[in-house]
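Residues per chain are reported as follows:
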Amino acid sequence: MLGAELSAHLGYQKHDPAGYRSGNSRNGTSRKKVKADIGEIELEVPRDRQSTFEPKIVPKGQTRFPGFDEKILSMYARGMTTRDIQAHLEEMYQVEVSPTLISTVTDSVLDEVQAWQSRPLEQLYPIVYLDALHVKMRDNGHVENRAVYTAIAINLEGKKEVLGLWTSANEGAKFWLQVLTELQTRGVKDILIACVDGLKGFPEAIETAFPHTQVQLYIVHLVHASLNYVNWKERKTVAGDLREVYRSTTAREAEHRLETFEAKWGAKYPTIATLWRRHWERVIPFFAFPAEIRRVIYTTNAIESLHMTLRKVIKTRGSFPNEDAARKLLYLALRNVSKKWHTIQNWKDALNRFAILWPGRIPLPGAEPASPS
């Protein structure tokens, strides 16, 4: 880059005949040590014979070259391994950096992760999405699938916010109760709707910690689970018939259409109707909501798109050596993706509906949320 700057200053490339008798030419290099975030780097700064070249990237007199830590973290957050980062820095900057030093830089984020995980939260969240993402993690020499649980909330302003990340080898009511108790400790007093995927112990834990919260099963997850049993040639048709069920106006209409679906597909795919009936109690609250709220809670893009992004980041790794390694990478990826989040579309309409359905629990401007009753 410094060589390119000198070429621009002289007006011709190196070895270009245009520079012959131009009045100024290259005059070797001078060595210069610059302190960077990762340590001290020795640069070879090109010179010109008339000493009129003034570098812009590393100006004369500058002894620090900040930003290397952020560059390393940025590359790490996009899924590059320490070896990838090492090779990229050497290729782009001709700087040799050891994998150990890169790990040290990324480990420095762990304090930030801890502060983020324990930060105070708002008292009320209209909607909270709870779901799990599975990653491979080494434990005592064995690689196992470990669940990383995420909680994404929609706040009163209609903006998405990741409340935290939790890892556990076992899921169940006890674990989820610990997560929800942590949210309470950090300041959450009320949740209007909690969207879950039907994992064991999920609804029971929510109803214990937040008894006034409406638990809603992910419709999209239920559809995906149903299609796992379907021949790929018939998936589009079966998905269309299921759409008739969950797009019903009322719970009674939905049940009638489920019966119609079972009459058509029950002999070939008996598991699907059974699956829906087993979770029916957690499905039907959806039909009591007006269209404004349905649009928000049905399109589980809030957590689906996040997990898709996280999977892209972790797919380059065979497995993580420990929980901290997984946590720091996922946190950095979250930090990147959250910069692109915008206010939920048509949020004001949904918020007005929330205020009608749950009077007193949505605070007036400047007031604190009321306790649920």
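Keep in mind that this is a model prediction, so the values were computed, not measured.

(A) Representation of helix α15 (residues 323-337) within the structure. Spanning 15 residues, α15 covers 21 Å between terminal C-alpha atoms, matching the ideal 21 Å at 1.5 Å per step. Counting buried residues along α15, 11 of its 15 residues qualify, which places the element largely inside the surrounding structure. Among the residues making up α15, those that are buried are A325, A326, K328, L329, L330, Y331, L332, A333, L334, N336 and V337. The opening residue of α15, the one whose side-chain oxygen lies 3.2 Å from the backbone nitrogen of D324, is N322.

(B) Looking closely at the sheet that holds strand β4 (residues 124-139). The mixed open sheet is built from 5 strands, whose spatial order is β6-β5-β4-β7-β8. Among the strands making up the open sheet, the edge pair consists of β6 (160-168) and β8 (214-217). The mean angle between the axes of side-by-side strands here comes to 25°, regardless of whether they run parallel or antiparallel. Two elements, strand β5 (residues 142-154) and β6, share 8 bridges in a ladder whose sense is antiparallel. Pairing of I154 across the sheet is with K160, part of β6. Each of β4, β5 and β7 (190-196) is contacted by helix α16 (residues 347-357), which is oriented at about 110° to β4, the strand it contacts most.

(C) Local environment of the confidence of the model for the protein chain. Summarising the model, the protein chain shows a mean pLDDT of 83, and 90% of its residues fall at 70 or more. Per-element confidence in the protein chain is highest for helix α10 (residues 251-265), whose mean pLDDT is 94, and lowest for strand β3 (residues 64-65), whose mean pLDDT is 60.

(D) Quick look at the packing of aromatic side chains. For the structure shown, the criterion picks out 11 aromatic pairs. For the ring pair W280 and F287, a centre distance of 6.4 Å and an interplane angle of 40° mean the geometry is tilted. Across the pair, F287 and W280 agree in class, each one buried. A ring pair is formed by F286 and F287, whose centres lie 5.7 Å apart and whose planes are at 80°; its orientation type is edge-to-face. Of the residues examined, F286 reaches a relative accessible area of 3% and is grouped as buried. Under the relative-accessibility criterion, F287 is labelled buried at 7%. Linked through ring pairs, F289, W347, F354 and W358 together constitute an aromatic cluster.

(E) Quick look at the environment of H256. Take H256: it is sitting in helix α10. On the accessibility criterion, H256 (51% relative accessible area) is exposed. Sequence separation between H256 and V245 is 11 residues, and the spatial gap between their C-alpha atoms is 8.3 Å.

(F) Representation of the packing of helix α6 (residues 173-185) against helix α7 (residues 202-209) in the model. Between α6 and α7, the least distance of the axes is 8 Å, while the angle of their chain directions is 35°. With respect to the hand of their crossing, α6 and α7 are arranged in right-handed fashion. On the side of α6, the interface is formed by A173, W176, L177, L180 and Q184, while α7 contributes F202, A205, I206, T208 and A209. Across the contact of α6 with α7, the residue classes break down as 8 nonpolar, 2 polar and no charged.

(G) Examining the nonpolar core more closely. Judged by nonpolar contacts, the single largest core of 67 residues is most densely connected at I127, I193, V238, W276 and F354. Tallying contributions element by element places β4 first for this core, with 7 residues. Beyond its immediate stretch of four places on either side in the chain, F354 contacts P126, I127, L192, I193, I293, W347 and I362. V97, I314, A325 and V337 belong to the second largest nonpolar core, which has 35 residues in total.

(H) The side chain of R186, seen in detail. Within the secondary structure, R186 sits in the loop between α6 and β7. Judged by its relative accessible area of 8%, R186 is buried. A distance of 2.8 Å separates a polar atom in the side chain of R186 from the backbone oxygen of Q117. Separated by 2.9 Å, the side chain of R186 and the backbone oxygen of L163 make a polar contact. Once you skip the residues sitting within four places of it in the chain, R186 turns out to touch W116, Q117, S118, R119, P120, L121, L163 and W166.

About the criteria used
- Residues numbered from 1 in each chain as written.
- Predicted model: local features only at pLDDT ≥ 70, side-chain atom pairs only at ≥ 80, totals over all residues.
- Heavy atoms only, no water.
- Helix = DSSP H or I, 4+ residues; strand = E, 2+ residues; numbered from the N terminus.
- Expected span 1.5 Å × (residues − 1).
- Buried < 20%, exposed > 50% of the residue type's maximum accessible area, 1.4 Å probe, protein only.
- Polar contact = N/O pair within 3.5 Å; in protein donor to acceptor, adjacent residues only side chain to side chain.
- Pairing = 2+ DSSP bridges.
- Axes fitted to C-alpha atoms, helices over the stretch in contact; angles between N-to-C directions.
- Contact = heavy atoms within 4.5 Å.
- pLDDT = per-residue confidence, 0-100.
- Phe/Tyr/Trp six-rings, centres within 6.5 Å; stacked < 30°, edge-to-face > 60°.
- Left-handed = near helix turned anticlockwise from the far one by under 90°.
- Nonpolar A, V, L, I, M, F, W, Y, C, P; charged D, E, K, R; others polar.
- Core = buried A, V, L, I, M, F, W, Y, C linked by side-chain atoms within 4.5 Å.

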